[in-house]
Amino acid sequence: MSAEIKVKRQSSRKRSRDRRISHLTPARKRTSASGRQCPDNTGQIELSRALDQSMDAKFSEYCSDPEDLFGDYDSIESDSSFLAKLDRVGQNMRQHDIEHTTSSRCPVILLAGNPDFTSLKSSTDNCPKQSMTESFLKGFTDDAFLDMPSSQLAFLQDPQTADRNCCTDEDKTSMPMRHPEKSVSTEDRNERHIAPKARKSVSDHLKRAMMANAATPSSVSRTALQKEAVVTEEISVAMQAMESVSMATTDLGPFFGLPTKVKELICNLKGIKDLYEWQKTCLNLDSVQQRRNLIYSLPTSGGKTLVAEILILKELLCRKKDALFILPYVSLVQEKVRGLASFGLELDFMVEEYAGSKGRFPPVKGRGKRSLYIATIEKAHGLVNSLIETNRLDNVGLVVVDELHMLGDGSRGAIIEMTLAKVLYISKSTQIIGMSATLGNLQDIQKFLKAESYTNDFRPVELKEYVKLKDSIYEVDPKEEECFRFSRVLNFKYSSAMQKIDQDHIVALVTEVIPSQSCLVFCPTKKNCENVAGMICKYLKEDFIQHKQAEKAVLLGELRGSGNGSLCPVLKKTVPYGLAYHHSGLTSEERKLVEEAYSAGVLCLLTCTSTLAAGINLPARRVILRSPYVAADFLKRSQYKQMVGRAGRAGIDTHGESILILQDKDKVLVKKLLSAPMEICISNLMHSDGKGVLSLILSVIGLNITNSLEQIRDFMSGTLLSVQEKQVCLERSLWEVTQECVELLKEKGLVTVSTEPQDGSLQVTKLGRATYKGSVDLTYCDLLYRDLSKGLESLMLNSFLHLIYLVTPYDMVSQCKPDWMVYFRQFTMLSAAEQKMCAAVGVSESFVARKAAGQNVKKNVDQVVVSRLYLALVLQSLLKETDLWSVADRFQLSRGFIQTLLSSSSVFCSCVLHFTEELEEFWPFKALLTELTRRLTYCVQAELIPLMEVAGVMERRAKLLYNAGYKTLAHLANADPNVLAKTVENLFKKQANQIVASAKMLLNEKADALQEEMDDLLMMPLDLLSL
């Protein structure tokens, strides 16, 4: 009879898996539960004997009467015929042991405490190849199993399976075995003999195992146990697959190579139960499976981001590599950090935010954990530079770029190109995934990234595009000769007075959908957003006020609280009707509150600028374009597609509508707009007189990527600029541009030629290194160096004003013209030391007084210095008071501009800090600017800063958390989300979960940073001298 016996369990009941693993647990299940090789058998014999005695002592408790203790399992206690068979087999085996011991000098190793029947295992050196298990199984005939109940058959199946596993792969066996390195010599084996332990009867083994299983408590329903068994088996299969497949295989489970737990998390945290067909197709592409670079393009709201997140999780969990996710805006980074922090905690990886002044260069080493870096475009470039410098770029296995079409977006597009060009040149193992809704020249981008492409026109909700001309609505149909097809006439009664104010019939269009459904109205300017919102409210019925009145009252309270008691008069008027405006003139906290209220359905209509279309996802049933212009510029095809793409809410609407309002004079241009192809992405390295090429060459020399003209030429051939050389470099070739840029860098003192004989390699100077490491614009690097040097001569430290002036962004100067009366009033309030500092930088009190009086000033004064100092006064007032509303009122500036000034200053302060760290002469600035960066980043009372470090926690919410007793990061990280939601005013459960998850992630990150610092201190020097 064959040694392998296949049995099938008939009973549907499953025992609870949540029991402690013991010596009675079958070997296969101990392997899947531990996932590790069992230790050596040293001490196992004694442990087994102790366990045997303890189990025997308990049997009397469980077996006081002969009743069946096993529920649906078949009882064996009264099956005397079967037990008799087992006893006979046991006697035969004991006799076989004795005969084998006396007839062979082969030593055997006793497997102490093993619950199955294979208690002895032969040595592989001098023993017969036939295992003891096979000899034992010969004692069973087919007849022996005919009467055996299903439960005992299932029990017998496990140890046989485990034995087969042990015989085929000793490295992965769950049985204690002698390690090869501990084997003794042949002579020792001939002299020594390990006496076998007296074998217990097979029936005793079987009784004890079944009794232990029966004694296991289980209060879970049979259905739950069956579901749990399926999950456990699936995890077991995945773990066995991980152990058995080669390192090149990255399949961990059934969900696109990921465990089912990932699918459950996506369902629980995102509410997504199934993927769209295009998503499944994309994830199964050969380019994805074989890790080739990929660009995929779909319309807005098609679900592109979810595919990227699944690929990121696969990289982190399966390939055990870090991942970089590049997003265009700080708000998107913060939103994504909040959303993925829970995944990181559940799946054991780090989520790190690189936005604004946040982010550490180089990042903390993960200490066994992989990291997901979520970064803005600028921060991603700095991160890649730091990883190249520390030879850690290969640790990043995947780079995902959202809104890839921004390659054609001015200086920011140049930074994306620089980042990707470095990754392509340095790390051949890093995969690049790009996604976009609007790519016109996909072939150029493919060639640059050496990528394959996937395109689809899928939308979860059908989009119907319309235009409105006078009082008629036309459906957009590019196939028509006129591009439009008549649809209907607006049916809305206008009074003569109303017709004069609302000539475009916006009220008629919005009232067709609100308040039961949502609407977005895109306006050409910020002021127009406010005017349109106010105008619509003027003609809405009082019924709109009753709709969700309590929720709108709460929103008004939140808005008032965010402004320390101040409330925007426009929002005060519009919010009761369920309307609000959304543009950069609002503070970041106001925008967040408006976005949350709109998503929750408290607000039904937003009037907004085009920036909303490229930012956070806020879909609507109807999207109205107030005009085919953005400011004074006519709409681009990509801008139009982004705006109308917000129409249609997946899972809510059957279709979405977009309506473009146009005038007769714009009819021809609109026809071209609607039928035109997408704009092409042109390399921006030549933007602003080749500033991008200069920055790129400086950094690749400084990072030792290249050190000669020939190597620079080779690097530049891998850029998008090289692909588009004929389109962009019209007057000079790329090689000529490269040579000119190198010479210009030499002239600016940023690059020099090595002085070593017969070397001639290019090197960066200290100033050049500081410039690229600080991400300082080459236009301002010389000016910044001069200002810092001059500042050191008479640095004033009795207030922050001097330091603030030194870190006020140069590029913000042109955006603000001083109000001379305000300037003079603030100047006179400065201390004598501060006025002396102002005079030192070039702005005297007499100059400001004359300008305030309207007099001409003959003295030549640098207007950049004057405007920069004015902005510094704004920032100083903000740091002193931390009340943005009062500062905005005092300086007659919009609170949105002041918010932008503050965030830009914190970023530039961080850049200046890195700049000064590379120059020894600026050593005093390191400590000073570290603290200033922190203050500018948060601009709140010191006790609130730890709370505001958590992604998404603004000043208002930080105050509520602090007052509720959550005063530190540790308080938040250890908080119960349910208690947090009940304790803190207007905090939803989902938000509470995200806050706690983000706090835990941030706390782990800080702990890892401290641990890394400690490891560095304790590390033994590699060059330590020894005798």
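Residues numbered from 1 in each chain as written. Predicted model: local features only at pLDDT ≥ 70, side-chain atom pairs only at ≥ 80, totals over all residues. Heavy atoms only, no water.

In the annotation of an unreviewed UniProt entry, the entry for the protein reads Helicase POLQ-like, and the organism field reads Oncorhynchus mykiss. UniProt, in its Sequence similarities (unreviewed entry) section for the protein, records the words "Belongs to the helicase family. SKI2 subfamily." (UniProt positions renumbered as here; feature names shortened; annotations may be inferred.)

A. Examining helix α27 (residues 687-702) more closely. For α27, which comprises 16 residues, the first-to-last C-alpha distance of 22 Å matches the rise-based estimate of 22 Å (1.5 Å per residue) to within 8%. Just downstream of α27, N704 is the residue with a positive phi angle, here 60°. (Helix = DSSP H or I, 4+ residues; strand = E, 2+ residues; numbered from the N terminus. Expected span 1.5 Å × (residues − 1).)

B. Region of interest: a nonpolar patch on the surface. On the surface, M1014, L1017 and L1018 cluster together into a nonpolar patch covering about 360 Å² of accessible area. With respect to the helices, strands and loops of the structure, L1018 is situated in helix α46 (residues 989-1018). (Patch = residues over 30% accessible without salt bridge, like charges linked within 9 Å, V, L, I, M, F, W, Y side chains within 5 Å. Areas by Shrake-Rupley, 256 points an atom, 1.4 Å probe, with all protein chains shown as cover. Salt bridge = Lys/Arg side-chain N within 4 Å of Asp/Glu carboxyl O.)

C. Region of interest: the sheet that holds strand β7 (residues 396-401). Taken in spatial order, the seven strands make up an open sheet running β5-β6-β4-β7-β8-β3-β9, and their pairing is parallel. This sheet does not close on itself; its edge strands, each paired only once, are β5 (350-354) and β9 (452-455). On average, adjacent strands in this sheet sit at an angle of 15° to one another, irrespective of strand direction. As judged from the five bridges shared by strand β4 (residues 322-326) and β7, these two strands associate in the parallel manner. Bridge pairing in β7 places I326 opposite V401. Against the sheet, helix α15 (residues 410-426) contacts β4, β7 and β8 (431-436), and its axis sits at roughly 155° relative to β7. (Pairing = 2+ DSSP bridges. Axes fitted to C-alpha atoms, helices over the stretch in contact; angles between N-to-C directions. Contact = heavy atoms within 4.5 Å.)

D. How the structure looks around the state of the cysteines. Under the counting rule described, the total for this entry stands at zero disulfides. The closest cysteine sulfur to the non-disulfide-bonded C523 is located on C529, 4.2 Å from its own sulfur. (Disulfide = S-S within 2.5 Å.)

E. Summary view of the packing of aromatic side chains. For the structure shown, the criterion picks out 18 aromatic pairs. On the basis of an interplanar angle of 70° and a centroid distance of 5.2 Å, the ring pair of F255 and F256 is categorised as edge-to-face. Accessibility classification places F255 together with F256 in one group, the buried group. Ring geometry for Y276 versus F458: centroids 4.7 Å apart, planes at 50°, classification tilted. With Y276 in the loop between α9 (260-270) and α10 (277-283) and F458 in the loop between β9 and β10 (462-469), this residue pair connects regions lying 182 residues apart in the sequence. Judged by relative accessible area, which is 31%, Y276 ranks as partly exposed. Pairwise contacts between aromatic rings join W820, Y823, F847, Y870 and F891 into one cluster. Positioned above the aromatic ring of W735, the side-chain terminus of R713 is 4.4 Å from the ring centre. Over the ring of Y962 we find K967; its NZ or CZ atom is 5.2 Å from the centre of that ring. (Phe/Tyr/Trp six-rings, centres within 6.5 Å; stacked < 30°, edge-to-face > 60°. Buried < 20%, exposed > 50% of the residue type's maximum accessible area, 1.4 Å probe, protein only. Lys NZ or Arg CZ within 6 Å of the ring centre and 35° of its normal.)

F. Examining unusual backbone geometry more closely. With an omega of -15°, the peptide bond between F361 and P362 qualifies as cis. Among the structural elements, P362 can be located in the loop between β5 and β6 (371-375). Its identity is not glycine, yet E403 carries a phi of approximately 55°, on the positive side. Here E403 shows up in the loop between β7 and α15. With a phi angle near 55°, Q892 is a residue other than glycine that sits in the positive phi range.

G. Seen up close, the side chain of T808. Among the structural elements, T808 can be located in the loop between α34 (801-806) and α35 (820-828). Here the side chain of T808 touches I804 through a polar contact of 2.7 Å, landing on its backbone oxygen. Apart from the residues within four sequence positions on either side, T808 is in contact with R868, L871, A872, L875 and F908. (Polar contact = N/O pair within 3.5 Å; in protein donor to acceptor, adjacent residues only side chain to side chain.)

H. Representation of the sheet that holds strand β15 (residues 605-608) within the structure. Strand order in the open sheet formed by eight strands is β12-β11-β10-β19-β16-β13-β15-β14, and the pairing between neighbours is mixed. Edge positions in the sheet fall to β12 (484-489) and β14 (579-582), since each has one partner strand and no second. Ignoring which end each strand starts from, the neighbouring axes of this sheet average 25° apart. In terms of strand pairing, strand β11 (residues 472-476) meets β12 through five bridges, oriented antiparallel. The partner of I473 across the bridge, within β12, is R488.

I. Spotlight on the pattern of salt bridges. Here the structure, examined in full by the defined rule, presents 37 salt bridges. The partner of D274 in a salt bridge is K280, and the shortest N-O contact between them spans 3.4 Å. D782 is the salt-bridge partner of K748, the closest N and O atoms lying 3.6 Å from each other. A residue pair is termed long-range when its members are at least 10 positions apart, and K748 in the loop between α31 (734-747) and β20 (751-753) and D782 in helix α33 (residues 781-793) qualify at 34 residues. Through salt bridges that share partners, E389, R769, K773 and E918 make up one connected network.

J. A look at the environment of F715. Locating F715 in the fold gives a position in helix α28 (residues 709-716). For F715, a relative accessible area of 2% corresponds to the buried category. C-alpha separation for the pair F715 and I705, spaced 10 residues apart in sequence, amounts to 8.7 Å. With sequence-adjacent residues up to four places away left out, F715 is seen in contact with A421, K422, Y425, L696, V700, I705 and T706.

K. Structural view of the nonpolar core. Residues L324, L449 and Y823 are the most contacted members of the largest nonpolar core, which totals 123 residues. No other element matches helix α38 (residues 863-881), which puts 11 residues into this core. (Core = buried A, V, L, I, M, F, W, Y, C linked by side-chain atoms within 4.5 Å.)

L. Spatial organisation of the pairing of β5. Across the five residues of β5, five count as buried, placing the element largely inside the fold. Of the two faces of β5, the one lined by M350, E352 and Y354 and the one lined by V351 and E353 are each fully buried.

M. Looking closely at the packing of α33 against helix α40 (residues 895-917). Two numbers describe how α33 lies on α40: the axes approach to 12 Å, and their chain directions differ by 75°. Comparing the axis directions of α33 and α40 gives the class roughly perpendicular. Where α33 approaches α40, its residues C781, L784, Y785 and L788 are matched on the opposing element by F908, V912, F915 and T916. (Parallel < 35°, antiparallel > 145°, perpendicular 65-115°, else oblique.)

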